[in-house]
Amino acid sequence: MNRAKTALPDWSKGSDFLQLDVREAPPGGLADWLAGQLRAAIADGRLPIGARLPASRVLAAELRVSRGVVTEAYQRLIDDGHAAGRGRAGTVVVAAPVLPPEPEPDRSPAKVITALPGVAVFDAVRAAPARIDLTPGVPDLTAFPRAAWLRAERAVLDELEPAHFGYGDPRGAPAMRVAVSHWLARNRGIRADPGEIIVVAGVAQALTLVGEVLRQHGLSEIAVEDPSSLGARQHLHHCGLATPPVPVDDDGLLVSELRAPAVLLTPAHQFPMGVVLGGERRRELMRWVAGGGIVVEDDYDAEHRYDRAPVPAVRSMVPEVCYTGSVSKLLAPALRVGWLLAPPRFRDDLVAAKRFADLGNPVLAQLVLARLMETGELERQLRVVRARHRRRRDAMIRALASEVPSAVVHGAAAGLHLTITFDAEVDDVELAATALAEGVKVQPLSWHRQRPGRPGLVLGYAARTATEIVEGVAVLGRLVGASP
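Throughout, residues of each chain are indexed from 1 in the direction in which the sequence is written. Given that the model is predicted, a residue must reach a pLDDT of at least 70 before its local features are reported, and side-chain atom pairs must reach 80 or more before they are shown or counted; all residues, however, enter totals for whole chains, interfaces and linings. Hydrogens and water are ignored here; the side-chain numbers use all heavy atoms of the structure.

(A) Spatial organisation of the overall build of the protein. Here a strand is any run of E in DSSP of at least two residues, a helix any run of H or I of at least four, and the numbering for each starts at the N terminus. The helix and strand inventory of the protein stands at 15 helices and 18 strands. Taken along the three principal axes of its C-alpha coordinates, the protein extends 85 × 65 × 50 Å. A 1.4 Å probe rolled over the protein chains alone gives each residue an accessible area, and that area as a share of the maximum for its type sets the label: buried under 20%, exposed over 50%, partly exposed in between. Counting every position in the protein, which comprises 484 residues, the buried fraction comes to 52%. Here, two residues are considered to be in contact whenever any of their heavy atoms come within 4.5 Å of each other. Taking contacts inside the protein between residues at least 6 apart in sequence as the whole, the part at least 24 apart equals 72%. Note on charges: Lys and Arg go in the positive column, Asp and Glu in the negative column, and His and the chain ends are not counted at all. A single reference atom marks each charge: NZ on Lys, CZ on Arg, CG on Asp, CD on Glu. On the protein, the mean spot of the 57 positive side-chain charges and the mean spot of the 56 negative ones are 3 Å from each other.

This is how it looks when you write it as C-alpha cells:
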C-alpha cells in the first residue's frame, strides 16, 4: 500500500497543520502509532481541549489507511479519557494526558568528566555543581567595573543620535573600531586601520568565521598546537576543518613540523602550557608565512603578564596574520565582544560571513566599551585585576608546592590559569572526576591533547579567593596522594 504523508488540521488555529507520516509506523501497529501521535499532539497543545478531530473517513483517506485503523485509534483516545464522541459533532478532545516530568540532566562526575568529551562538554561542566570552581578561562567576575560601565553608558546615551539605534555596519560601530585600533597600538604593538577591524562576539565567533572562510578558499585543515584548547578545536571541527596537531615545547610551536596550509596559534601565552613563542620560532614563522602559510593568532591572555611587559603580538610583525582577541578575560565573557583583524585576502569574505551571521554586534555595548577604552578606564581596570590575579596565582603556587609537591607547574608567568603535570601514571580524567565528586571542579589536561602526553590538570585561579584556592588544592593533593 502506498502510504502518503498528509496534514492533519489543527482546528484551534485553522492554518497550522500536524504532520503525520504513516511510513514511520511499525508494521502491523498503525492504530497504536496513530493513537500515540494524536495523544502527543493533545499533550503538547497542538490539538487543544475542545478541538474536533477529523472525521474518521476523511483522515483514513488522507492517510491512505483503512477507516478501521482511524476508528480504533479514536476509540483508544476515548477509552483513555482524552477524547469523547459527540455524535454529529464528531470526536472532540476533552482532556490532555499528564506527561512525566522532564528528567534532570545527569550531572554526576562520571557523566561530565569523561575521557572523550562531546561537543556539549563545557556546557555540562559549567552546569555541574561544585563548591570550588577552578576551571580555567574565567576572570574575577566580582571585579567587573560596574560604576565605570554605568557612567560610560549614561554618557553614551546622552550623546547617542536616533540613527544609532538602527542597523549598523556589520563590521562594528565606527567608534568601536577606532577605539580597538588605538587599544591594540598601545597594548599589543599592532598598527591597524579601523577599516581592517571586524567587531565579533568573542574569539569563539572569530574562529567560526575564519573557519568558514578558509573552507570557502578550499582549505580542509588547519594545524593547531598540541596540547591546545579543546573548545577552539570544536569550533574548527564544526566548520568542517581537520586540526592536525603540532608539538609544543618550551619555546612554543615547533614551526618546522608544520605541514598544513594554515595554523592556529596562541603565541603570547600558549594554552594550556603557558609558554611564549620564542624569537627564533617567530622568525621561522615569518618565513613560513612568506612562503604562503596562513596564521590565525588568538591573542589569549596577552595582557595578563606578571613577570615583565607582555610580548608583542605576532600580528605586529606580520601584517598578513589573521588576528583575534576579546575582553572576555579582562572584563567578562558575558559581554561577547571581541575583534578580528582581517588580512586583505580574506577581508571581504570575513565581513560577508559576519553580516550573514548576525548583521553585527549590539551597538550600545560597543559604544560603552569604546568609551572605556578611549578614556583610559580599561587600562585602569587591567591594572586592578592584574594585581588581584597575581595574588591569587601566588596563592595557588604556594598551595601546590605544599599539597601536591609531585606536580610540575607550567605557565606561571602570565594568564589566568596554571597547568600541572605528573611524572607518575596518573589518570587525569579519573582524578578530575573524583575531584568534582568532592566539590572541586578542574579540567584534565588530556582533554586538550590530541596525542599521548604527560597527564595533568588545568587549574584556573582568577575567579576564586585565596582561601578557596588553598582549600581546593588541598583536596587535589589528598586525591593525588591516595592514587595508586
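(B) Focus on the state of the cysteines. When two cysteine sulfur atoms are found within 2.5 Å, that pair is recorded as a disulfide. In the structure shown here, the tally under the stated rule is zero disulfides. The closest cysteine sulfur to the non-disulfide-bonded C239 is located on C322, 12 Å from its own sulfur. Overall, the relative accessible area of 12% leaves C239 in the buried class. Exposure remark for C322: the relative accessible area of 3% places this residue in the buried category.

(C) Representation of the confidence of the model for the protein. Scored between 0 and 100, pLDDT is the confidence that the predictor attaches to each residue. Put simply, the protein has an average pLDDT of 90, and 94% of its residues get 70 or more. Confidence drops under pLDDT 50 across residues 1-17; counting only partners more than four residues distant or on other chains, this segment forms 46 contacts.

(D) How the structure looks around the packing of helix α12 (residues 363-374) against helix α13 (residues 377-403). Throughout, an axis means a line fitted to C-alpha atoms (over the contacting stretch in the case of helices), and angles, computed between N-to-C directions, take values from 0 to 180 degrees. It is at 4 Å that the axes of α12 and α13 come closest, and there the two elements cross at 75°. On the basis of the axis angle, α12 is roughly perpendicular to α13. In contact with L369, L372 and M373 of α12, α13 contributes E377, L378 and E379. Polar here means any residue other than Ala, Val, Leu, Ile, Met, Phe, Trp, Tyr, Cys and Pro, which are nonpolar, and Asp, Glu, Lys and Arg, which are charged; Gly is therefore polar. Classifying every residue of the contact of α12 with α13 by side-chain character gives four nonpolar, no polar and two charged. By the definition adopted for this analysis, an angle is roughly parallel if under 35 degrees, roughly antiparallel if over 145, roughly perpendicular if from 65 to 115, and oblique otherwise.

(E) Structural detail: the nonpolar core. If you look at the biggest cluster of nonpolar residues, it comprises 39 residues, and the most contacted ones within it are I113, M396, F422 and L457. Taken together, the elements giving at least two residues each to this core come down to α5 (121-127), α13, β15 (417-421), α14 (428-437), β18 (456-460) and α15 (466-482). Look past the residues within four positions of L457 in its chain and what remains in contact with it is L418, T419, I420, F422, D428, L431, A432, V442, Q443, P444, L445 and L476. Of all hydrophobic cores here, the second largest spans 33 residues; its members include W149, A152, V199 and L369. Here, the term nonpolar core denotes a set of buried Ala, Val, Leu, Ile, Met, Phe, Trp, Tyr and Cys residues that are joined through side-chain atoms within 4.5 Å.

(F) Quick look at the environment of R449. Locating R449 in the fold gives a position in the loop between β17 (443-444) and β18. Expressed as a C-alpha distance, the spacing of R449 and S229, which sit 220 residues apart in the sequence, is 8.4 Å. Ignoring any residue separated from it by four or fewer positions in sequence, one finds R449 in contact with D226, P227, R233 and R454. Under this definition, polar contacts are N or O atom pairs within 3.5 Å; protein pairs additionally need one hydrogen-donor-capable and one acceptor-capable atom, and for neighbouring residues in sequence, both atoms have to be side-chain atoms. Only 3.0 Å separates the side chain of R449 from the backbone oxygen of R454, close enough to count as a polar contact.

(G) Here's a closer look at α14. With seven of 10 residues buried, α14 lies mostly within the body of the structure. Here α14 has its buried residues at D428, V429, L431, A432, A433, A435 and L436. Residues of α14 that are buried sit in contact with α4 (109-112), β16 (440-441), β17, β18 and α15. For α14, the side-chain oxygen to backbone nitrogen distance between the N-cap and V429 is 3.1 Å, and the N-cap itself is D427. Count one or two residues on from α14 and you reach G439, which has phi positive near 90°.

(H) Highlighting the pattern of salt bridges. Between Lys or Arg on one side and Asp or Glu on the other, a salt bridge is scored when a side-chain nitrogen of the former is within 4 Å of a carboxyl oxygen of the latter. Counting across every chain of the model gives 25 salt bridges. In this structure, R177 engages D169 in a salt bridge whose closest nitrogen and oxygen atoms are separated by 3.4 Å. Exposure remark for D169: the relative accessible area of 29% places this residue in the partly exposed category. Close ionic contact of E280 with R287 constitutes a salt bridge, the shortest N to O distance being 3.4 Å.

(I) View of unusual backbone geometry. Omega for the bond connecting D226 with P227 falls within 30 degrees of zero, at 5°, which places this linkage in the cis form. With respect to the helices and strands, P227 occurs in the loop between β7 (223-226) and α9 (230-238). In this structure, P272 follows F271 across a cis peptide bond, with omega equal to 10°. One can find P272 in the loop between β10 (262-265) and α10 (279-290). Its identity is not glycine, yet D301 carries a phi of approximately 60°, on the positive side.

(J) How the structure looks around the pairing of strand β8 (residues 245-249). By definition, two strands form a pair when at least two bridges between them are found by DSSP. Two strands pair when backbone bridges link them, and β7 and β8 are joined in this way by three bridges, in the parallel orientation. Across the sheet, the residue bridging to E225 is V246, located in β8. Examined bridge by bridge, β8 and strand β9 (residues 252-253) share two bridges and lie antiparallel to one another. Each residue of the ladder has a partner; that of D249, found in β9, is G252. Between β8 and β9, which pair antiparallel and follow one another directly, the connecting turn spans two residues.

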